[in-house]
Amino acid sequence: MADEPERAQPVKFRGGGFVSKPRRFVAPLVFAVLIAIWEWGARAGWISPLVLPAPSEAFEAFKDLVESGQLLRHLSASLQRLIVGFTAGTTLGLTVGTFIGLFSIARSGLAPLVAAIFPIPKIALLPLFIIWFGIGEGSKVATILFGSFFPTVIATYSGIDNVDRGLIRMGQSFNLTYRDIVRKIVLPAALPAILSGMRISASISIILLVAAEMIGAEYGIGAYVLLAGNLMATDQLIAGVAMLSILGLTVNWLINLAERRFLKWRA
Amino acid sequence: MDLKVQGLSHRYDDLEVLRGIDLTIRQGEIVSVIGPSGCGKSTLLRLIGGLERPTEGEVLQVGEPPADSLNPLTYVFQDFALLPWRTVKGNVSLVLESKGLAQAETDARIADVLARTRLTDFADAIPKQLSGGMKQRVAIARALSVNPAVLLMDEPLSALDSQTRELLMDDLIQLWAREPFTSCYVTHNLNEAVRLGHKVVVLSRRPGVIREIVTIDTPVPKRSISDPALAEIQQSLWEMMREEAMTADMELADG
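A. Region of interest: the overall build of chain B. Scanning chain B from N- to C-terminus turns up seven helices and nine strands. Over its C-alpha atoms chain B spans a radius of gyration of 18 Å, differing by no more than 12% from the 18 Å that the globule rule assigns to 255 residues. Dimensions of chain B, computed from the C-alpha atoms along their principal axes, are close to 50 × 40 × 40 Å. By the burial criterion, 52% of the 255 residues in chain B qualify as buried. Taking all contacts inside chain B whose residues are at least 6 apart in sequence as the whole, residues at least 24 apart take part in 73%. Accessible area for chain B stands at about 11,600 Å²; split by element, carbon and sulfur atoms hold 49% of it. The centroid of the 27 positive side-chain charges in chain B is displaced by 3 Å from the centroid of its 36 negative side-chain charges.

In structure tokens:
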């Protein structure tokens, strides 16, 4: 037996896979192919222009919008509401969330309130806001403010809850002041949670922006889309929806940028 | 400055953790505290440094801490407790900021401790770039920067692999030889306790009481891994603890 040559064969590889690798060119390709099929279908006539206009027509509608100067009007109205409402909501949310995170009294008093109001779709409150703040900008900004306030509060205080107690103990053991512990340890440690809360509150804000503008506004992307729908001008409708997509992507990109800038330290 | 622990007892609700601890930590002396897991070693350290309030008894500072000591009782933690968003330098400067030091003095202190812990080249690295041993050296540098009167070390080497631990132990011995510091060194590792401690305090399992205090006369810098006298002490300590370690191992966690 010992003299017999042993049969040798290489060990078969069976690892690998289950890892996603970036393939840069795939996404643009998918987009291009989809739009090409769409365009071709519309021109060939098997997509009715009334149901879904060709991308080129939507682009024409967009060009009209730019040339007539209406784009700037709609966009600036929307952005203004979004920026004012979101900034105010986030600032207030950060403040209240920090208080809830740090002080037991604030937590006992406010956390149940926040939990009760958070699940209300804020658009349901718009009629009330119109009564309170008028049909103009006030009610729209208030809706966005409310919509971004609650997710920020919750993200902030749960971020603070999850701060490593060891780091806080370290701060105390070196006699750092309460203020310094909050400023230099607690808040930076809660930042990842706060930023992911912002991601949520930003997309909620965009939804509320459009909804509020659809209910009552002269200008704004939501108003533009609604009007286009009422006139059956689907080319304008598609142009408006595409703008919303771009708006959402831009906001997302900004938050990614902030994460990359401020959370480099994360493993 | 000496530290004097008098009649210290501690309980969490119904759980008695420490009972009647009397202990003196003299200036320039390293006191190792060993005991089976769950015997209250870390609790003892937290009580000594004022991070927790004892149920009974007290901890006294005897004499004045050095005038330039910014934080007389300073901890080194097992998990390093570094701020991951700050650089090595930033982590040290954290504990010096808002202490009313001039910028030049702060910079000088940082440069000094980074040199002593051989971290000067890594001043601008952030914790995630560092190995475990380096992280703990940063934590030691941070502790030294405030000129502590007593260093309270809570299993500082337990999160490290055995080779890194050996290296860091050499570092600690060298630091002590250059500038003797006072320290209470809590560990479950007998070898560390025997290599670093002038006195080794053996705690029993819960409720922790002092079973024995073994004094080791060989000067700390002269102790080596292969010293038979040390091996003998280590052996006898192990025999003392063996039973209890076994019982502690069999215990169910409560709750």
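B. Here's a closer look at the overall build of chain A. When helices and strands are tallied, chain A shows 10 helices and zero strands. Starting at the N terminus and ending at the C terminus, chain A contains elements arranged as α-α-α-α-α-α-α-α-α-α. Taken along the three principal axes of its C-alpha coordinates, chain A extends 80 × 75 × 30 Å. Within chain A, the fraction of its 267 residues that count as buried is 38%. Considering only contacts in chain A between residues 6 or more positions apart, those separated by 24 or more positions represent 70%. Of the roughly 16,300 Å² that chain A leaves accessible, carbon and sulfur atoms contribute 69%. Positive and negative charge centroids in chain A, built from 23 and 16 side chains respectively, lie 11 Å apart.

C. Structural detail: the interface of chain A and chain B. If you look at the interface, chain A gives 18 residues, while chain B gives 23 residues. Together chain A and chain B conceal approximately 1,800 Å² of surface at their shared face, both sides included; 66% is due to carbon and sulfur atoms. It is Phe174, Lys184 and Trp265 of chain A in chain A that bury the most area against chain B; as a group they hold 38% of the surface buried on that side. Counting every contact that joins chain A to chain B gives one salt bridge. Between Glu97 of chain B and Lys184 of chain A there is a salt bridge; the shortest N-O distance is 2.6 Å. The interface formed by chain A and chain B includes seven residue pairs in polar contact (both at pLDDT 80 or more). Within the residue set of the side of chain A that touches chain B, elements represented by two or more residues are helix H7 (165-173) and helix H8 (178-215) of chain A. Counting residues per element, the side of chain A that touches chain B draws most heavily on H7 of chain A, which supplies six residues. Split into classes, the residues belonging to the side of chain A that touches chain B amount to nine nonpolar, four polar and five charged.

D. Highlighting the packing of H8 of chain A against helix H9 (residues 221-230) of chain A. All names here are of chain A. Closest axis-to-axis distance for the H8/H9 pair is 7 Å, and the angle between their directions is 55°. By the angle class used here, H8 and H9 are oblique. Our pair here, H8 against H9, has a crossing hand that is right-handed. Note on element contacts: H9 touches H8 through Ile221, Gly222, Ala223, Val225 and Leu226, opposite Val210, Glu213 and Met214. Residues that form the contact of H8 with H9 fall into these classes: six nonpolar, one polar and one charged.

E. Spatial organisation of the side chain of Thr187 of chain B. Here Thr187 of chain B shows up in the loop between strand E7 (182-186) and helix H6 (190-196). Separated by 3.1 Å, the side chains of Thr187 of chain B and Glu192 of chain B make a polar contact.

F. Region of interest: the sheet that holds strand E1 (residues 2-12) of chain B. Residues and elements named next belong to chain B. Read from one edge of the open sheet, three strands run E2-E1-E4, paired in antiparallel fashion. Strand pairing shows two members of the sheet lacking a second neighbour, strand E2 (15-25) and strand E4 (56-62), which therefore form its edges. Sheet twist, expressed as the mean angle between neighbouring strand axes with direction ignored, is 10°. Examined bridge by bridge, E1 and E2 share seven bridges and lie antiparallel to one another. For Val5, the partnering residue across the bridge sits in E2 and is Leu23.

G. How the structure looks around the confidence of the model for chain B. Residues and elements named next belong to chain B. Averaged over all residues, the pLDDT of chain B equals 88, while 99% of them reach at least 70. Least confident of the elements in chain B is helix H7 (residues 228-250), whose mean pLDDT is 83; most confident is helix H2 (residues 88-94), at 95. Reported confidence for the predicted complex is 0.88 by ipTM and 0.84 by pTM.

H. Just a nonpolar patch on the surface, in detail. All names here are of chain A. The grouping of Phe25, Val26, Val30, Phe31, Leu34 and Ile35 at the surface amounts to a nonpolar patch, some 620 Å² of accessible area in total. The topology assignment puts Val26 in helix H1 (residues 26-44). For Val26, a relative accessible area of 36% corresponds to the partly exposed category.

I. Structural context of the nonpolar core. Of all hydrophobic cores here, the largest spans 83 residues; its most connected members are Met170 of chain A together with Ile21, Leu44, Ile48, Leu114 and Leu152 of chain B. Here this core takes seven residues from helix H4 (residues 132-145) of chain B, the largest share from any one element. Setting aside anything within four residues of it in sequence, one finds Leu114 of chain B in contact with Val88, Val92, Leu119, Thr120, Ala123 and Ala141 of chain B. In this structure, Ile34, Leu190, Ala193 and Val214 of chain B belong to the second largest nonpolar core, which totals 13 residues.

J. Just the confidence of the model for chain A, in detail. Looking at chain A as a whole, its pLDDT mean stands at 91, while 99% of the residues score no less than 70. Considering each helix and strand of chain A separately, the mean pLDDT is smallest for helix H2 (residues 55-67) of chain A, with a value of 91, and largest for helix H3 (residues 70-102) of chain A, with 95.

K. The arrangement of the pattern of salt bridges in detail. Counted under the stated rule, the structure contains 22 salt bridges over all chains. The closest approach of N and O atoms between Asp2 of chain B and Arg26 of chain B, which form a salt bridge, is 3.8 Å. Taken as a pair, Asp2 of chain B in strand E1 and Arg26 of chain B in the loop between E2 and strand E3 (30-34) lie far apart in primary sequence, 24 residues in all. A salt bridge links Glu29 of chain B to Lys199 of chain B, with the shortest nitrogen-to-oxygen separation between them at 3.6 Å. Of this pair, Glu29 of chain B sits in the loop between E2 and E3 while Lys199 of chain B is found in strand E8 (residues 199-203), placing the two residues 170 residues apart along the sequence. Judged on exposure class, the residue Glu29 of chain B and its partner Lys199 of chain B are both buried. Each of Asp180, Arg183 and Lys184 of chain A together with Arg86 and Glu97 of chain B takes part in a single network of salt bridges with overlapping partners.

Calculation notes
- Residues numbered from 1 in each chain as written.
- Chains lettered and ligands numbered in written order.
- Predicted model: local features only at pLDDT ≥ 70, side-chain atom pairs only at ≥ 80, totals over all residues.
- Heavy atoms only, no water.
- Helix = DSSP H or I, 4+ residues; strand = E, 2+ residues; numbered from the N terminus.
- Rg over C-alpha atoms; globule rule 2.2 N^0.38 Å.
- Buried < 20%, exposed > 50% of the residue type's maximum accessible area, 1.4 Å probe, protein only.
- Contact = heavy atoms within 4.5 Å.
- Areas by Shrake-Rupley, 256 points an atom, 1.4 Å probe, with all protein chains shown as cover.
- Lys, Arg positive; Asp, Glu negative; His and termini not counted.
- Charge placed at Lys NZ, Arg CZ, Asp CG, Glu CD.
- Buried area = accessible area lost by both parts, 1.4 Å probe.
- Salt bridge = Lys/Arg side-chain N within 4 Å of Asp/Glu carboxyl O.
- Polar contact = N/O pair within 3.5 Å; in protein donor to acceptor, adjacent residues only side chain to side chain.
- Nonpolar A, V, L, I, M, F, W, Y, C, P; charged D, E, K, R; others polar.
- Axes fitted to C-alpha atoms, helices over the stretch in contact; angles between N-to-C directions.
- Parallel < 35°, antiparallel > 145°, perpendicular 65-115°, else oblique.
- Left-handed = near helix turned anticlockwise from the far one by under 90°.
- Pairing = 2+ DSSP bridges.
- pLDDT = per-residue confidence, 0-100.
- Patch = residues over 30% accessible without salt bridge, like charges linked within 9 Å, V, L, I, M, F, W, Y side chains within 5 Å.
- Core = buried A, V, L, I, M, F, W, Y, C linked by side-chain atoms within 4.5 Å.

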